[in-house]
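# Structural features, examined
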Amino acid sequence: MQAFLSIPTSLSADPLSILGAIFTTPAAVSGSVVVVLCVLAAVGTILLLPSRLEIAVRRVGGVFMLAALIILGSLGISHAENQMGVYFWIFSIIALVGAVRVVTHPQPVYAALYFVLTVFATAGLFILMQAEFMAAALVIIYAGAILITYVFVIMLASNPQSTAAGESTLADYDATSRDRVIASAVGFVLMGTLIYVIFDKTDRMPEPGSQLAGAVTQVGAAVPGATQELGTYLFTAQSVNLELAGLILTLSMVGAIVIARRHVISTEPELQRLPQVEIAPMTPVDDSPHSIPVYGTANPRQKAYPET
Amino acid sequence: MSELSFLQHYLAVGAIMFCIGLIGFMTRRNLIVMFLCTELMFQGVAINLVAFSQYYGNFGGQAFVIFVLVIAASEASLALALVVLLFRHRNTLDADAWKELKG
């Protein structure tokens with residue numbers, strides 16, 4: 001273990017040295033704390049995901065998840081000396097709890113409703129980042145349009161299975177989940193690595209005023225939060241992309257209609273349909289100007305203009 | 001350094017949300033919930049982009065979030081149309097009902 005810990009942390013390309021750095025770093029967020037929290041949250045997720053376990057066991061998983069979130073939040077508050085503001089912690093905890101419930105709730109309708117909660121909390125985070133237009137667009141598009149579509153499809157494409165007692169039971173594919181352990185391990189290893197990299201390795205990023213950052217700016221000194229300037233930027237620097245976005249939306253609408261179109265098969269027998277309408281002759285039946293044939297009728301001698 | 005601290009916290013929230021969505025996409029068996037989890041991953045990416053947009057003080061990130069929303073809307077409509085089509089064929093939403101597509 002000593003040899004493992006003494007690996008120099010500068011060789012960050014080597015995964016072993018990254019692991020060593022996690023355990024030895026005097027970091028902003030200590031690596032071992034991140035590892036412990038990720039393990040706690042992974043166990044909680046495994047217990048909380050839909051399965052045939054007892055409801056009490058799943059509640060234990062929920063307690064684990066809440067404990068991990070609260071520990072992470074309190075660590076963050078104490079580390080950052082509360083300079084993030086209380087609204088950041090409120091919104092992010094609401095968003096993350098909602099996200100966990102989206103993943104772990106057995107019923108799809110409730111998952112969709114928790115996703116609406118997550119969307120609202122994310123919009124709050126966007127407002128804290130002075131991106132008001134993004135927050136409004138997120139609420140309108142996600143919570144207003146996409147989620148309505150989801151809820152409609154959930155209602156259309158579900159077959160309620162009611163027992164004799166009248167209570168509806170979950171379908172088998174809702175009540176169980178696949179590969180809980182492997183998926184949680186992969187996800188939380190990724191999460192721990194990302195958090196560690198974010199809090200420890202972001203010092204090498206270009207500063208806001210540097211060459212790389214300034215190269216992208218097109219419209220003067222942009223002040224984030226100015227919706228008017230965002231519109232100016234969109235319609236000058238990104239105008240072609242904006243048109244392409246509209247094209248993609250149109251294409252997807254056409255594609256969705258074509259995919260979901262139901263071919264209506266008429267079940268009534270052939271004989272009960274209306275008799276085949278004879279095509280009227282192109283020429284008049286006789287020389288009378290009142291004898292112009294009428295199309296679409298069974299009687300070819302019917303006149304267009306009744307003789308008065 | 002305070003600016004960097006702000007950025008780090010938002011990036012962490014986005015990363016956690018992305019990973020939760022990833023776990024949900026791998027574990028859930030209902031097709032609709034799987035697509036909900038991809039929307040969750042889109043949310044995490046959008047938080048990242050807006051955080052970088054605020055950090056660097058230009059609108060590139062926010063403009064990209066608009067395009068992410070466009071792609072998410074297209075994906076939702078097409079994917080849900082496919083889900084409805086698949087539901088009509090097998091009368092179930094189980095992703096394992098289409099196991100033979102693994103090849």
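None of these values were measured; they are calculated from a predicted model.

### Some words on the overall build of chain B
Across its full length, chain B holds 3 helices and 0 strands. Ordered by position from the N terminus, the helices and strands of chain B form the series α-α-α. Reported as C-alpha extents along the three principal axes, the dimensions of chain B are approximately 55 × 25 × 20 Å. Buried residues in chain B amount to 68% of all 103 residues.

### Considering the environment of Gln-238 of chain A
Structurally, the position occupied by Gln-238 of chain A is in the loop between helix H11 (227-236) and helix H12 (239-260). For Gln-238 of chain A and Leu-128 of chain A, which are 110 residues apart along the polypeptide, the C-alpha to C-alpha distance reads 25 Å. Once you skip the residues sitting within four places of it in the chain, Gln-238 of chain A turns out to touch Tyr-233 of chain A together with Ala-63 and Phe-67 of chain B. Only 2.7 Å separates the side chain of Gln-238 of chain A from the side chain of Asn-241 of chain A, close enough to count as a polar contact.

### Brief notes about helix H7 (residues 132-156) of chain A
The first and last C-alpha atoms of H7 of chain A sit 35 Å apart over 25 residues, in line with the 36 Å expected at 1.5 Å per residue. Approximately 35° is the largest bend angle found in H7 of chain A, and it occurs at Leu-147 of chain A. Turning to H7 of chain A, its buried residues number three or more, namely Met-134, Ala-135, Ala-137, Leu-138, Tyr-142, Ala-143, Ile-146, Leu-147, Tyr-150, Val-153 and Ile-154 of chain A. As for H7 of chain A, its buried residues are in contact with helix H6 (108-128) and H11 of chain A together with helix H2 (31-56) and helix H3 (60-90) of chain B.

### Quick notes on the pattern of salt bridges
Side chains that carry opposite charge are capable of pairing whenever their charged atoms lie near each other. All told, the structure shown has 4 salt bridges over all chains when counted by the stated rule. Where Glu-100 of chain B meets Arg-90 of chain B, a salt bridge forms, and the shortest distance between an N and an O atom there is 3.0 Å. One end of the pair, Glu-100 of chain B, is in the segment after H3; the other, Arg-90 of chain B, is in helix H3, with 10 residues separating them in the sequence. Through salt bridges that share partners, Arg-178 of chain A together with Arg-29, Asp-94 and Asp-96 of chain B make up one connected network.

### Some thoughts on the packing of H7 of chain A against H3 of chain B
Direction vectors running N to C along H7 of chain A and H3 of chain B enclose 5°, while the axes themselves pass 10 Å from each other. The angle between H7 of chain A and H3 of chain B places the two elements in the roughly parallel class. Taken together, the residues of H3 of chain B that come into contact with H7 of chain A (itself represented by Phe-133, Met-134, Ala-137, Leu-138, Ile-141, Tyr-142, Ile-146, Thr-149, Tyr-150, Val-153 and Leu-156 of chain A) are Gln-62, Val-65, Ile-66, Leu-69, Ala-72, Ala-73, Ala-76, Leu-80, Val-83, Val-84 and Phe-87 of chain B. Residue classes in the contact of H7 of chain A with H3 of chain B are distributed as 20 nonpolar, 2 polar and no charged.

### A closer look at the interface of chain B and chain A
Frequently, the measure chosen for interface size is the accessible area that the parts lose on association. Contact with chain B, which involves 77 residues of that partner, is made by 99 residues of chain A. In total, chain B and chain A occlude about 7600 Å² of area from one another, counting both sides; carbon and sulfur atoms represent 75% of this. Taken together, the links from chain B to chain A amount to 1 salt bridge. Here Asp-96 of chain B makes a salt bridge to Arg-178 of chain A, at a shortest N to O gap of 3.4 Å. Linking chain B with chain A are 13 residue pairs in polar contact (both at pLDDT 80 or more).

### Examining the nonpolar core
Within the largest apolar cluster, 91 residues are counted, with the highest numbers of intra-cluster contacts made by Phe-115, Phe-126, Met-134, Tyr-142 and Tyr-150 of chain A together with Ile-20 and Leu-40 of chain B. The contacts of Leu-40 of chain B, once residues within four sequence positions are left out, are Ala-99, Val-102, Val-103, Phe-115 and Thr-118 of chain A together with Met-17, Ile-20 and Gly-21 of chain B.

Cut-offs and rules
- Residues numbered from 1 in each chain as written.
- Chains lettered and ligands numbered in written order.
- Predicted model: local features only at pLDDT ≥ 70, side-chain atom pairs only at ≥ 80, totals over all residues.
- Heavy atoms only, no water.
- Helix = DSSP H or I, 4+ residues; strand = E, 2+ residues; numbered from the N terminus.
- Buried < 20%, exposed > 50% of the residue type's maximum accessible area, 1.4 Å probe, protein only.
- Contact = heavy atoms within 4.5 Å.
- Polar contact = N/O pair within 3.5 Å; in protein donor to acceptor, adjacent residues only side chain to side chain.
- Expected span 1.5 Å × (residues − 1).
- Bend = angle between axes of the 7 residues up to and from the residue.
- Salt bridge = Lys/Arg side-chain N within 4 Å of Asp/Glu carboxyl O.
- Axes fitted to C-alpha atoms, helices over the stretch in contact; angles between N-to-C directions.
- Parallel < 35°, antiparallel > 145°, perpendicular 65-115°, else oblique.
- Nonpolar A, V, L, I, M, F, W, Y, C, P; charged D, E, K, R; others polar.
- Buried area = accessible area lost by both parts, 1.4 Å probe.
- Core = buried A, V, L, I, M, F, W, Y, C linked by side-chain atoms within 4.5 Å.

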